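Residues per chain, in single letters:
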Amino acid sequence: MIYFKEPSKTMTDSILSKLNGKQQSAVLQTEGPVLVLAGAGSGKTRILVHRIAYLIIEKQVSPSSVLAVTFTNKAAEEMKQRVEKLLKRKINPSQSIDLDQPWVGTFHSFCVRVLRKEIGALGFKNNFLIYDDYDQIALMKGVLEKMVIDQKQYSPRMFLSVISNQAKNNLLTPRQYQHKAKDFIEKLTAKVYQEYQKQLREHNALDFDDLIMMTVQLFQKYPAVLEKYQRRFKYLMVDEYQDTNHAQYLLTNLLSKKSKNICVVGDDWQGIYSFRGADIQNILDFEKDYPQAKIIYLEQNYRSTKTIVEASNHIIAKNKARTDKKLWTDSKPGEKITVQQVANEKEEGEYILGEIFGLREETSDHRGEADDEIVYESEEENNHPAGGILDTILEIEKNKSGGPEKKTAKIAIQKKIRGGLINLSDYVILYRTNAQSRALEETLLEYGVPYQIIGSVKFYERKEVKDLLAYLRILVEPNDQVSMKRIINEPPRSIGRKTWSLLENFAEADKIDYLKAVKQADKIASLPSRARNALLFFASLIIDLKDKAQNLKPREIIDLILNKTGYKKHVQDGTPEGEARWENILELKTVAKKFDNQQGLESIRSFLEETALVNDVDFLEDGKKGLTLMTTHNAKGLEYKVVFLAGMEEGLFPHANSLFDPAELEEERRLYYVGVTRSKEKVYLIHTRQRNIWGSSRITIPSRFLEEIPEELVENK
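Residues numbered from 1 in each chain as written. Predicted model: local features only at pLDDT ≥ 70, side-chain atom pairs only at ≥ 80, totals over all residues. Heavy atoms only, no water.

Per an unreviewed UniProt entry, the recorded name for the protein chain is DNA 3'-5' helicase. What the UniProt record of the protein chain gives under Sequence similarities (unreviewed entry) is the line "Belongs to the helicase family. UvrD subfamily." (UniProt positions renumbered as here; feature names shortened; annotations may be inferred.)

See the structure below:
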C-alpha cells in the first residue's frame, strides 16, 4: 500500500496550476456522474491524467480503486506513463509506486484481467486462449466445412463480420440472435454462430468480441462478482466515450451503478466509427442515463489558429445530431484555408509537393497554361475525339511533357531534403479511402520524397496487390520461387505446407523450374492424391493463363487472373475489409492502364518493372520519418502543423455510400471536421477536375463540404 503525505495547498495547486477554469472543474468534480464534452485540441488527456492524480493525492483515494479505460494500447500506455510521472513527483519521497497503481488500460485488457480470475463460473478454464483474426478465420473455415456450407458463396469473413457487428457487439447469444433472425442469411448465420461458439468453447478459446461480451454476461449472471468489482473500482473514467459500442456502454454502466462515480470524456463531433459498431447515441444520451450528471464543456482550443477553429465550427454546425458547443481560441487568425482545384490525381500530388517545398511560383505558370489549354479544347466541339470531353482531357494530359520544369523541381526538392531545410514530419496528407494513396505514393517516389503510411501498408505492399503481382511474375518467370510459394494456395486450393515442401525438394533435386515441377506432380513420391490433383489443376490454370495472356493488355490480364483463379470471389466476401481490398485491386488496374499500348508477356514485364522500381526504393534512409500519409479515420487524436485533405470530391469525400443516408452523411461531416482540426497552422482542401480511381476515369464534382466554410476564411486558387 502507498502512503501519501497529507496534501498541502502547494501540492493541490501544482496539480491544478496548468489547467484552465473548465479543466479544473472537470478535475475537482470527483463525485457523481460527470460528462466532459471535450472539443478538438482542448486537452482532454491532461484532464484524465490530472483527475487521477487529484483523486489519489488530494482525496486520498486508494490508487487501486481508480479505473481508467480507453481504446488503444498506445493511448493507455501514454496515460499510464503520465499518471506515474505525476504521482512520483507528489508521493512521499521514502515510498515508491509499486503494485498499488490506478488500473489504466483498454476495454479488452481490463476484461481479460477480470476473466482470468472469474471465467470459471462460465465454464471456461482461466488459461483460455484469445483467438486473433487469423485464428478466427481458420476456425470458421472448419465450422463451414463441418456444416457443408460453400465457402466460395458464403465466405468465413462474411459470417465473422455479421456475428461481430450484429450479434456480439449487441450482446446477443446464438439463441437470442436466432430469434431475431429474419432473412435467409441471418438465419444461416445464426446456425453458424452457434457452431462457432461451440467450437470456441471446445478449444477453451475466446475471440476479441467475447472478452467484453462474456465479462458483461458474468456481471449480469453473478451479482456477487459484479459487486466485488464495484467495491474495488469506486472511480471509473472512460476516454473517447463517443466511440463505445453497446457492449462497452453496458460494461461501464454496470461497473458504475453502485458508486455513480463515472466520468466520461469525449466529443460527439468526432464520432466517426459507426462501421465498427460505435454508437454516438451513448454520449448524446448520457444525461438521460445519469439525470444527476454534471456536464462540463471544454471549448477552448489550444491546437489551431482562429481561422481553423472558426471554420471547424461552421462545418459541424450543419449536423443536426450533436451537442451544442462552440470552440474558441486565443491563437492568432493565421492563414486562410486554401481550396485548390487541380487537373487530376497526378497534379494533386505535385501541387502538394510544390506547397511543401516552396515550388509554387516555379510551377504555377506551367500549370496555368495547361489549364487554359484544357478549357479551350473543351469548348471547341470539332476538336473532340469520338469519346467526348473526357477523352480530350486525358489525351492532353497524356501528351504533356513538363520535362525541364519537372527536372528543376526534382533538383530543388532533393536539395532541400539533403540540406535538412524541410521538416517533413510537420506535414500530413489525409484521404478518405486507402485506394487514393497509390497516386500520391507514385508522385512521392518519382520526386524522391521519403514517406510513411500510418495505419496501413504501402500500396504495393498490400496483400491483394502483392498476390496479383505474384501471379503476373509467374507468367513471365516460372522459376520465381517466392511468387510461386505466395500464390500456389491463394485462393485456397488444398495445397498446404507439407505439399509445398515436397514440391520444393522435387524441383531442386531434378533441377527444374517450379512450374515444370508442378506439372510433374504425379512423379512426386509420398504426395497424397488430393494434393497431387490440386497441383495438376494449378499447373493447367497457369498454362491457360499464359496462353490467353498473349493477346491481352496488362489490365485485361489482371481481369483474366481475377476470374480464372477465383480471386475476385475470394476478395469480394461481403465484408468492409473485402470491399477495401477490392478497391485496391481496381487501383492496380488503374496503374496497368498506362500500358494499354502493349500486349502479351512483354507488356507484363514492362508493368512489373515499374512496380519493382517502386518497391526497391529505400524511403527511410538516415532514420528520417518522411512525409506522413494516412486515411482521415487514422488521423484521430493526432496533430500536424500543415494538413492536406486530398480528394475533396462528391462520391469520395463524402463517400458514395453515405450520399443517400442522412445519418451516414453526418458521420462523413464529422470525419471532415476531424481532418480539418488536426492542423495547427494551415489547411489545404484539394479537389480534381478528373480522377482515375477504382479502375475507371471520371469527371468529378467538388465536395459539398467545401461550401460549408465561409468565404472570408477561404482562399480559392
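And the narrative resumes.
**Student:** Sorry, what's going on with helix H25 (residues 529-549) here?
**Tutor:** For an α-helix the count is 3.6 residues per turn, leaving residues at separations of three or four pointing the same way. Taking 1.5 Å of rise per residue, the 21 residues of H25 would be expected to cover 30 Å, and the 30 Å separating its terminal C-alpha atoms lies within 8% of that figure. For H25, the full list of buried residues reads Ala531, Ala534, Leu535, Phe538, Ala539, Leu541, Ile542, Leu545 and Ala549. Taken end-on, H25 shows its buried residues confined to a sector of 160 degrees, consistent with a single buried face. Seen from the open side of H25, the exposed residues pointing more than 90 degrees away from its buried face are Asn533 and Asp547. (Helix = DSSP H or I, 4+ residues; strand = E, 2+ residues; numbered from the N terminus. Expected span 1.5 Å × (residues − 1). Buried < 20%, exposed > 50% of the residue type's maximum accessible area, 1.4 Å probe, protein only. Arc of directions from axis to C-beta.)

**Student:** Sorry, what's going on with the UniProt feature "binding site: ATP" (unreviewed entry) in the protein chain here?
**Tutor:** UniProt's feature table lists "binding site: ATP" (unreviewed entry) at Ala38, Gly39, Ala40, Gly41, Ser42, Gly43, Lys44 and Thr45, given in the numbering used throughout. Along the chain, the position of Gly39 falls in the loop between strand S1 (34-38) and helix H3 (44-57). Judged by its relative accessible area of 3%, Ser42 falls in the buried class. Leave out the neighbours within four places in its chain, and Ser42 touches Gln23, Leu298, Gln300 and Tyr302. (Contact = heavy atoms within 4.5 Å.)

**Student:** Looking at this structure, I do not really get the side chain of Thr329. What am I missing?
**Tutor:** Counting through the fold element by element, Thr329 comes out in the loop between helix H15 (306-316) and strand S9 (337-342). Of the polar contacts made by the side chain of Thr329, one reaches the backbone oxygen of Asn301; its length is 3.0 Å. At a separation of 3.0 Å, a polar atom in the side chain of Thr329 contacts the side chain of Ser331. When near neighbours in sequence (up to four residues on either side) are disregarded, Thr329 contacts Asn301, Ser304, Thr305, Lys306 and Val309. (Polar contact = N/O pair within 3.5 Å; in protein donor to acceptor, adjacent residues only side chain to side chain.)

**Student:** Just checking my understanding: could you explain the sheet that holds strand S7 (residues 262-266) for this structure?
**Tutor:** Sheet strands associate in pairs through backbone hydrogen bonding, adopting either a parallel or an antiparallel arrangement. As summarised here, the arrangement of the 6 strands in space is S3-S2-S6-S7-S1-S8, forming an open sheet in which the pairing is parallel. Because the sheet does not close on itself, it has two edges, and the strands there are strand S3 (103-106) and strand S8 (294-298). Along the sheet, successive strands turn relative to each other by an average axial angle of 15 degrees, direction set aside. Where strand S2 (residues 66-70) meets S3, 4 bridges bridge the pair, whose relative direction is parallel. Considered in S3, the bridge of Leu67 is made with Trp103. (Pairing = 2+ DSSP bridges. Axes fitted to C-alpha atoms, helices over the stretch in contact; angles between N-to-C directions.)

**Student:** What exactly am I supposed to notice about the packing of helix H5 (residues 107-118) against helix H11 (residues 223-232) here?
**Tutor:** How two helices sit against one another is set out by the angle between their axes and by the gap between those axes. Here H5 crosses H11 at 130 degrees, and the two axes come no closer than 13 Å. As judged from the angle between their axes, H5 and H11 are oblique. When you trace H5 past H11, the crossing you get is right-handed. Of the residues in H11, those in contact with Val114, Lys117 and Glu118 of H5 are Val225, Lys228 and Tyr229. Tallied by class, the residues present in the contact of H5 with H11 amount to 3 nonpolar, no polar and 3 charged. (Parallel < 35°, antiparallel > 145°, perpendicular 65-115°, else oblique. Left-handed = near helix turned anticlockwise from the far one by under 90°. Nonpolar A, V, L, I, M, F, W, Y, C, P; charged D, E, K, R; others polar.)

**Student:** What is the right way to look at the nonpolar core in this model?
**Tutor:** Soluble globular proteins tend to pack their nonpolar side chains together in the buried interior. Ranked by size, the top nonpolar core spans 67 residues in total, and within it Phe110, Met140, Phe159 and Phe219 carry the most contacts. A total of 7 residues in this core trace back to one element, the largest contributor, which is helix H10 (residues 208-221). Inspection of this core shows a minimum of three residues originating in each of domain 1 (9-121 + 217-300) and domain 2 (129-203). Setting aside anything within four residues of it in sequence, one finds Phe110 in contact with Leu67, Val69, Trp103, Phe233, Leu251 and Leu255. Within the second largest apolar cluster, 58 residues are counted, among which are Ala470, Ala507, Ile524 and Leu541. (Core = buried A, V, L, I, M, F, W, Y, C linked by side-chain atoms within 4.5 Å. Domains from an automatic or database assignment.)

**Student:** What should I look at first to understand the pattern of salt bridges in this one?
**Tutor:** Pairing is possible between side chains that carry opposite charge, provided their charged atoms lie close to one another. Scanning all chains against the criterion turns up 40 salt bridges. A salt bridge links Lys636 to Glu240; its shortest N-O distance comes to 3.6 Å. With Lys636 in the loop between strand S12 (627-631) and strand S13 (640-645) and Glu240 in the loop between strand S6 (235-238) and helix H12 (246-256), this residue pair connects regions lying 396 residues apart in the sequence. Residue class for Lys636 comes out buried when judged on its relative accessible area of 14%. A salt bridge links Arg669 to Glu708; the shortest N-O distance between them is 2.8 Å. Of the two residues, Arg669 sits in helix H30 (residues 662-676) while Glu708 sits in the loop between strand S16 (696-699) and strand S17 (714-716), which places them 39 residues apart along the sequence. We note that Arg669, like Glu708, is buried. Within this structure, Lys44, Asp239, Glu240, Asp243 and Lys636 form a network of salt bridges that share partners. (Salt bridge = Lys/Arg side-chain N within 4 Å of Asp/Glu carboxyl O.)

**Student:** I'm lost on the packing of H15 against H30 in this one. Help?
**Tutor:** Following both chains from N to C, one finds H15 and H30 inclined at 175 degrees, their axes separated by 9 Å at the closest point. Comparing the axis directions of H15 and H30 gives the class roughly antiparallel. Here Ile308, Ser312, Ile315 and Ile316 of H15 lie close against H30, whose contacting residues are Arg669, Arg670, Tyr672, Tyr673 and Val676. Its residues placed into classes, the contact of H15 with H30 shows 6 nonpolar, 1 polar and 2 charged.

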